[in-house]
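Report on the structure
Okay, here's what each chain looks like letter by letter:
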Amino acid sequence: MKKRWPGFVLFVLILVAWEYASAFNLVDQVSIPRVSAIASSWIASVRNGQLLAALAPSLGRISAGFALAVVVAVPLGLLMGSIAMIYRLLEPLTEFIRPIPAAAYIPVAILFLGIGNEMKIFVVFLACLFPILLNTYGGVRGVDPVLIDTGRTFGVSRFKALCQIVCPAALPNILTGMRISLGIALIVVVVAEMIAGNSGIGYYILDMQRSFRVPEMFAGIFTLGLLGFMINFVFLKIEQHFLRWRGTSVET
Amino acid sequence: MGEPIIELKNLAKVFSVNGRALTVFDNLTTRIEKGSFLSIVGPSGCGKSTLLKLISGLDAPSRGTVMFNGRPVAGPAKGMIYVFQQYTKSIFPWRTVMQNVEFGLNAAKKRNRNATREKCLEYIRLVGLDGYEHYHPYQLSGGMQQRVCIARALICEPDVLLMDEPFSAVDAMTRAILQELILKIWETIPVTILFVTHDVDEAVLLSSRVMSLSRAPATIREDLPIDLPYPRDQIETRDDERFTAFRQRLFSSIFLQEKDGAAAPAPELRP
């Protein structure tokens, strides 16, 4: 924590500069309101429950899409990493789908799934799928051959080796993939909510902008920043917990 | 000669390097006595480790057969455990000492829940790691990690322990201590040990028989029974003039080859 003060000082300085730039009309006060105005509307929106009401559905969609992606991508990645045939079967397909931004699927997803939760969960799922899949696959491929041979000399079955050796050895990569995909999930859910539907933090920000409640709009944006920070922080803690055996501590 | 536990029959291994066939060894035939301690020495790159991999069944020969307990080896054989030179890569870093040893026990499928803990502790004590049961590998020194790997192998009660330069990555003093440990283990447990090393002194100190391989394509150049009395001792045995004689004979046979090899380097043989 001690070494972090320069970052915090800069952060505070920017906020102060913003406050005065807006107060003295150096920037358009209507489109860039004072920080203090944003802060008070943030507090008000938290108090009256509007912000939380907007946040809850977004969090639900992220969790559902992310969980589905983990359930599908981890086993698939393990299989692709350990069975060459499955890799050869799926590799061209993944390489083609992977570079397409998940947001590009939204119009298609709307056709099939409508504008409700299903569509948004599906899009989050797709966006989370590839980082987890590719990191899991990479992790499995990166398992040292000596470790594999150790399993073989002890005569353990392929399935047991997958569960007891390959999976834990690839865990650092799998967790990295999960953390990356959580960041992407946040982006994608906001985009999806802005394009279609009438709930969620993405919709809230757009709605506030359309009704010229600019401080509330900024309050929503700042909430996203805070949320992203918290998700990453919590996940790093989880990662640290599961990777204690590496003996290296991630900086807190 | 007693009952053979392993027999090599016309064993050959040929690698393909850049489209060129490279014979590591050809027509290797020998029998290994049950309960013996056989060391295999030879110039670097002569295929010592490759031979050990073939015997274990981790790798398949190009020609010939390995017989283990009278049956041909096809795939990793039950009853033989391979101990790797790179213990840092062979130990399970996410498991504690106890859990690493437990892996060996579970793999051997001699599961008796009550006995499990006791048995693990027994083997942890055997390798001198009592008190470290709940440590993770990153908290242990290199020598201690290799002890864990040895305990994990021994708890399976293998007939044969295959050790591939197991002490080459630790410092000299740790190596001396580990050599004493493996001697003590071999004398207390009925196990046959096949030991690959590039250290002639180590081979003579530990073994009941030393086999020296020539440069690739390797043949058995020397095959010496080491009739020094057991229990052996780091200081007394090394002081024995017969020890020096064995050492000299093996060392000169390898050293001369290494010198020839330096003049015309053989292709690197790392599979």
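For clarity, every value in this text was computed on a predicted model and none was experimentally measured.

**Looking at the overall build of chain A**
- When you go through chain A residue by residue, the secondary structure sums to 10 helices and zero strands.
- For chain A, the sequential pattern of α-helices and β-strands runs α-α-α-α-α-α-α-α-α-α.
- Viewed in the frame of its principal axes, chain A has a C-alpha envelope of about 75 × 50 × 30 Å.
- Burial statistics for chain A: of 252 residues in total, 33% are counted as buried.
- At a minimum sequence separation of 6, the contacts of chain A that also span at least 24 residues come to 72%.

**Points about the interface of chain A and chain B**
- With 14 residues of chain A at the contact, the number on the chain B side is 18 residues.
- The leading source of residues in the side of chain A that touches chain B is helix α7 (residues 145-153) of chain A, at six residues.
- Grouping the amino acids of the side of chain A that touches chain B by side-chain chemistry returns six nonpolar, four polar and four charged.

**A few points about the nonpolar core**
- Core analysis: the biggest nonpolar cluster contains 79 residues, and Ile81(B), Val83(B), Val101(B), Ala151(B), Leu162(B) and Leu194(B) have the highest contact counts within it.
- Counting residues per element, this core draws most heavily on helix α5 (residues 142-154) of chain B, which supplies seven residues.
- Per-domain counts for this core show at least three residues from each of domain 1 (1-35 + 45-80 + 209-218 + 261-271) and domain 2 (81-157) of chain B.
- In this structure Ile81(B) touches Thr153(A), Phe154(A), Ala153(B), Cys156(B), Pro158(B), Leu161(B) and Leu162(B), once residues within four positions along its chain are discounted.
- Counting 53 residues, the second largest nonpolar core, distinct from the first, contains Leu51(A), Tyr137(A), Leu147(A) and Met178(A).

**Remarks on the pairing of strand β6 (residues 80-83) of chain B**
Residue and element names in this part refer to chain B.
- Here β6 shows two buried faces, one formed by Met 80 and Tyr 82 and the other by Ile 81 and Val 83.
- Looking at chain direction, β6 and strand β7 (residues 160-164) are connected through four bridges and run parallel. Each bridged residue has a counterpart across the sheet, and for Val 83 the counterpart in β7 is Met 163.

**Some remarks on the pairing of strand β4 (residues 63-68) of chain B**
Residues and elements named next belong to chain B.
- Pairing analysis gives five bridges linking strand β1 (residues 4-17) to β4, with the strands arranged antiparallel. Considered in β4, the bridge of Lys 9 is made with Thr 65.
- Relative to strand β5 (residues 71-72), β4 runs antiparallel, the two being bridged by two bridges. Within the sheet, the bridge partner assigned to Met 67 lies in β5 and is Pro 72.
- In this antiparallel pair of consecutive strands, β4 and β5, the connection spans two residues, and Asn 69 shows a positive phi of 50 degrees.

**Some points on the sheet that holds β4(B)**
Residues and elements named next belong to chain B.
- Strands sit in the order β2-β1-β4-β5 across an open sheet of four strands; the sheet is antiparallel. Looking at which strands have only one partner, the edges of the open sheet turn out to be β2 (20-33) and β5.
- Relative to β1, helix α1 (residues 48-56) is tilted by about 120 degrees, and along the sheet it contacts β1, β2 and β4.

**Quick look at the sheet that holds strand β8 (residues 192-196) of chain B**
Residue and element names in this part refer to chain B.
- Reading across from one edge, β6-β7-β8-β3-β9-β10 is the order of the six strands in this open sheet, with mixed pairing throughout. Of all strands in the sheet, those with a lone pairing partner are β6 and β10 (220-225), marking the two edges. Within the sheet, the average angular offset between the axes of one strand and its neighbour, ignoring direction, is 15 degrees.

**Describing unusual backbone geometry**
Residue and element names in this part refer to chain B.
- Cis geometry is adopted by the peptide bond preceding Pro 231, which originates at Tyr 230 and carries an omega value of -10 degrees.
- Residue position: Pro 231 is located in the loop between β10 and α8 (236-239).
- In this structure, Asn 18 takes a positive phi of about 50 degrees despite not being glycine.
- Taking the number of C-beta atoms within 10 Å as the measure of exposure, Asn 18 has 6 and is therefore exposed.
- Even without being glycine, Glu 165 reaches a positive phi, approximately 40 degrees.

**Considering the confidence of the model for chain B**
- Taken as a whole, chain B shows an average pLDDT of 88; of its residues, 93% reach a score of 70 or greater.
- The complex prediction reports pTM at 0.86, with the ipTM value standing at 0.89.

Parameters and conventions
- Residues numbered from 1 in each chain as written.
- Chains lettered and ligands numbered in written order.
- Predicted model: local features only at pLDDT ≥ 70, side-chain atom pairs only at ≥ 80, totals over all residues.
- Helix = DSSP H or I, 4+ residues; strand = E, 2+ residues; numbered from the N terminus.
- Buried ≥ 20, exposed ≤ 12 C-beta atoms within 10 Å, placed from the backbone.
- Contact = placed C-beta atoms within 7 Å.
- Nonpolar A, V, L, I, M, F, W, Y, C, P; charged D, E, K, R; others polar.
- Core = buried A, V, L, I, M, F, W, Y, C linked by C-beta atoms within 7 Å.
- Domains from an automatic or database assignment.
- Pairing = 2+ DSSP bridges.
- Axes fitted to C-alpha atoms, helices over the stretch in contact; angles between N-to-C directions.
- pLDDT = per-residue confidence, 0-100.

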